[in-house]
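Here are the chains, one letter per residue:
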Amino acid sequence: MAVVVLQHAPAGVPSAVDAALEAARLDIRIYRAAEGDLPEDLTGVDAVVVTGTAARIPTGESSPSRDAELELLRGALATEVPVLGLGLGAQLLAEAAGGGAPEDPERSERPGRGPVRTAPVSGSDPLFAGMAAEDHHRVHAFRIGASAWGLLLPVEAGPARVAVERWWGLLPARFAELVAGRSEHTATRAFFTRRADAWEERFAYQTPAYEAAVARMGLRRGQTAVDLGCGTGRAMPALRAHVGDEGTVLGFDVTHAMLTAAARIGRTTAGRLLLADCARLPLRPASVHGIFAAGLLDHLPRPRTALLEWARVSAPDGALLLFHPAGRAERAARHGRPLSPEDPLAEPNLRPMLDATGWRLTTYDDAEQHFLARAVLAR
């Protein structure tokens with residue numbers, strides 16, 4: 001995992017950040033942002049830390065290095081790469097979010113005025129959990145969405161500075177832990193966010209294959225069906241056709257941009273689109289009758305954990321359909337590699353993994369034009 005540190009050379013701060021990131025065994029890449037030293041893009045980057053003094057800078061002032069830094073931060077916000085802004089870095093982060101830097105903590109205005117998409121943090125925030133009530137009034141901290149946080153360091157002495165310096169010391173370690181926990185989703189979101197707008201048009205020709213696969217699930221009217229890792233929701237209209245108007249169709253994905261693209265092309269007419277981790281679904285036990293998962297299981301870091309979660313939410317005899325519109329051999333050839341004996345979708349690996357997680361494999365069809373495995377919950 002790689003963490004980019006955009007450094008504005010405040011005394012002592014980078015060492016504290018470096019120590020916390022190194023303790024989490026993260027690959028640290030330091031750039032001197034003020035000198036125009038920046039990474040070309042966020043490929044392979046799991047997080048961004050922006051550090052600097054709290055000296056005021058004119059909001060909107062333009063320079064090639066500043067503009068490039070803001071563009072990099074906007075890219076991180078768009079792809080939900082975790083960002084931590086400290087001091088000057090917090091000001092730049094707020095500006096990248098769509099407006100000027102937050103106001104001084106001693107003033108009554110809170111961040112979030114105008115187009116800036118910031119909000120005050122709460123005591124339950126993953127980075128600021130445990131913040132004392134009095135710190136809420138002294139510390140000028142904010143968050144942007146669910147993946148970016150900022151903390152200003154006042155120049156003045158007194159309680160505000162003491163409180164902020166205390167949180168400045170706590171945040172790097174907490175942020176490193178959060179980055180490590182989110183790394184798999186960060187890579188997924190970064191990959192798919194850049195491709196979301198063109199995804200449906202590029203793969204629309206696969207829709208008939210998705211419809212044929214859904215037809216093999218055995219769904220009935222009035223049942224509940226979910227599309228996991230739904231992307232632009234290509235399977236959702238077919239799921240709706242099988243469960244009828246009285247049934248329920250849910251599409252889950254971890255990439256907001258893909259869900260936005262799905263909504264834009266009208267998938268909400270087929271069902272609800274939800275942002276969620278497929279291994280931690282916001283569903284009641286035994287509430288789902290059919291799970292459709294295309295191109296998902298073999299990309300998960302812990303497929304057994306996911307299968308256990310899918311078994312938890314499935315009703316007795318619920319169906320699971322693992323699908324890809326190309327066979328395993330065709331996909332391996334496309335990527336210029338041989339079939340791997342470690343592939344979780346290989347039948348010698350998949351069947352015992354399903355058995356161990358409560359599923360019974362009923363169909364295994366690894367053809368040239370598609371991969372399809374159907375299982376039922378063994379209850």
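Residues numbered from 1 in each chain as written. Predicted model: local features only at pLDDT ≥ 70, side-chain atom pairs only at ≥ 80, totals over all residues. Heavy atoms only, no water.

## Thoughts on the packing of aromatic side chains
Line of reasoning, step 1. Applying the stated criterion across every chain yields a total of five aromatic pairs.
Line of reasoning, step 2. On the numbers, 5.9 Å between centres and 35° between planes, the contact of F292 with F323 is tilted. You can see F292 sitting in strand β11 (residues 288–294) and its partner F323 sitting in strand β12 (residues 314–324), a full 31 residues away along the chain.
Line of reasoning, step 3. A relative accessible area of 0% means that F292 is categorised as buried.
Line of reasoning, step 4. Relative to F371, the ring of Y364 has its centre 5.4 Å away and its plane inclined at 85°; by these criteria the two rings are edge-to-face.
Line of reasoning, step 5. Taking relative accessible area as the criterion, Y364 reaches 22% and is therefore assigned partly exposed.
Line of reasoning, step 6. Judged by relative accessible area, which is 0%, F371 ranks as buried.
Line of reasoning, step 7. An aromatic cluster of three or more residues is present, and its members are Y210, F292 and F323.
Line of reasoning, step 8. Taking NZ or CZ as reference, R234 lies 4.9 Å from the ring centre of Y210, over its face. (Phe/Tyr/Trp six-rings, centres within 6.5 Å; stacked < 30°, edge-to-face > 60°. Helix = DSSP H or I, 4+ residues; strand = E, 2+ residues; numbered from the N terminus. Buried < 20%, exposed > 50% of the residue type's maximum accessible area, 1.4 Å probe, protein only. Lys NZ or Arg CZ within 6 Å of the ring centre and 35° of its normal.)

## Describing the confidence of the model for the chain
Line of reasoning, step 1. Chain-level pLDDT for the chain is 82 on average; 81% of the residues reach the 70-or-more range.
Line of reasoning, step 2. Highest mean pLDDT in the chain belongs to helix α8 (residues 236–243) (98); lowest belongs to helix α4 (residues 133–138) (56). (pLDDT = per-residue confidence, 0-100.)

## So, the pattern of salt bridges
Line of reasoning, step 1. Under the definition given, this model contains 13 salt bridges.
Line of reasoning, step 2. The partner of R221 in a salt bridge is E246, and the shortest N-O contact between them spans 3.3 Å. Residue R221 is located in the loop between α7 (207–215) and β8 (224–228), and its partner E246 is located in the loop between α8 and β9 (248–253); the two are separated by 25 residues in the primary sequence.
Line of reasoning, step 3. Residue classification places R221 among the exposed positions, given a relative accessible area of 54%.
Line of reasoning, step 4. The partner of R334 in a salt bridge is E330, with the nearest N and O atoms 2.6 Å apart. You can see R334 and its partner E330 sitting in helix α11 (residues 328–334), four residues apart, about one turn around the helix.
Line of reasoning, step 5. A network of salt bridges, in which partner residues are shared, links E200, R234 and R267. (Salt bridge = Lys/Arg side-chain N within 4 Å of Asp/Glu carboxyl O.)

## Comments concerning the pairing of strand β4 (residues 83–86)
Line of reasoning, step 1. Residues V83 and G85 line one face of β4 and the alternating positions L84 and L86 line the opposite face, and both faces are buried.
Line of reasoning, step 2. Examined bridge by bridge, strand β3 (residues 45–50) and β4 share three bridges and lie parallel to one another. Paired with V50 across the two strands is G85, which belongs to β4.
Line of reasoning, step 3. Across four bridges, β4 lies against strand β7 (residues 148–151) in parallel orientation. By the bridge assignment, G85 is partnered in β7 with G150. (Pairing = 2+ DSSP bridges.)

## Let's talk about the sheet that holds β11
Line of reasoning, step 1. Spatially, the seven strands line up as an open sheet ordered β10-β9-β8-β11-β12-β14-β13, and their pairing is mixed. Of all the strands in the sheet, just β10 (272–275) and β13 (359–366) have a single pairing partner and so form its edges. Across the sheet, the mean angle separating the axes of adjacent strands is 20° when strand polarity is ignored.
Line of reasoning, step 2. Relative to β12, β11 is paired through six bridges, and the arrangement is parallel. Bridging from a neighbouring strand, I291 pairs with L320 of β12.
Line of reasoning, step 3. Taken strand by strand, α7 contacts β11, β12 and β14 (371–377), and its axis lies near 150° from that of β12.
Line of reasoning, step 4. Helix-sheet contacts for α8 involve β8, β9 and β10, and the interaxial angle to β9 is about 155°. (Axes fitted to C-alpha atoms, helices over the stretch in contact; angles between N-to-C directions. Contact = heavy atoms within 4.5 Å.)

## Overview of the side chain of R374
Line of reasoning, step 1. Examined against the element boundaries, R374 turns out to sit in strand β14.
Line of reasoning, step 2. Comment: no salt bridge for buried R374; closest opposite-charge side chain is D317, at 8.8 Å.
Line of reasoning, step 3. Of note is the side chain of R374, whose polar atom sits 3.0 Å from the backbone oxygen of M217.
Line of reasoning, step 4. Those residues within four positions of R374 in sequence are excluded, and the remaining contacts are R216, M217, A319, L320, L321, R360, L361, T362 and T363. (Lys, Arg positive; Asp, Glu negative; His and termini not counted. Polar contact = N/O pair within 3.5 Å; in protein donor to acceptor, adjacent residues only side chain to side chain.)

## Some words on the environment of T232
Line of reasoning, step 1. Note that T232 resides in the loop between β8 and α8.
Line of reasoning, step 2. A relative accessible area of 2% means that T232 is categorised as buried.
Line of reasoning, step 3. Along the sequence, T232 and A262 sit 30 residues apart, while their C-alpha atoms lie 4.1 Å from each other.
Line of reasoning, step 4. Excluding residues within four positions of it along the chain, T232 makes contact with W199, E200, M258, A261, A262, I265 and R267.

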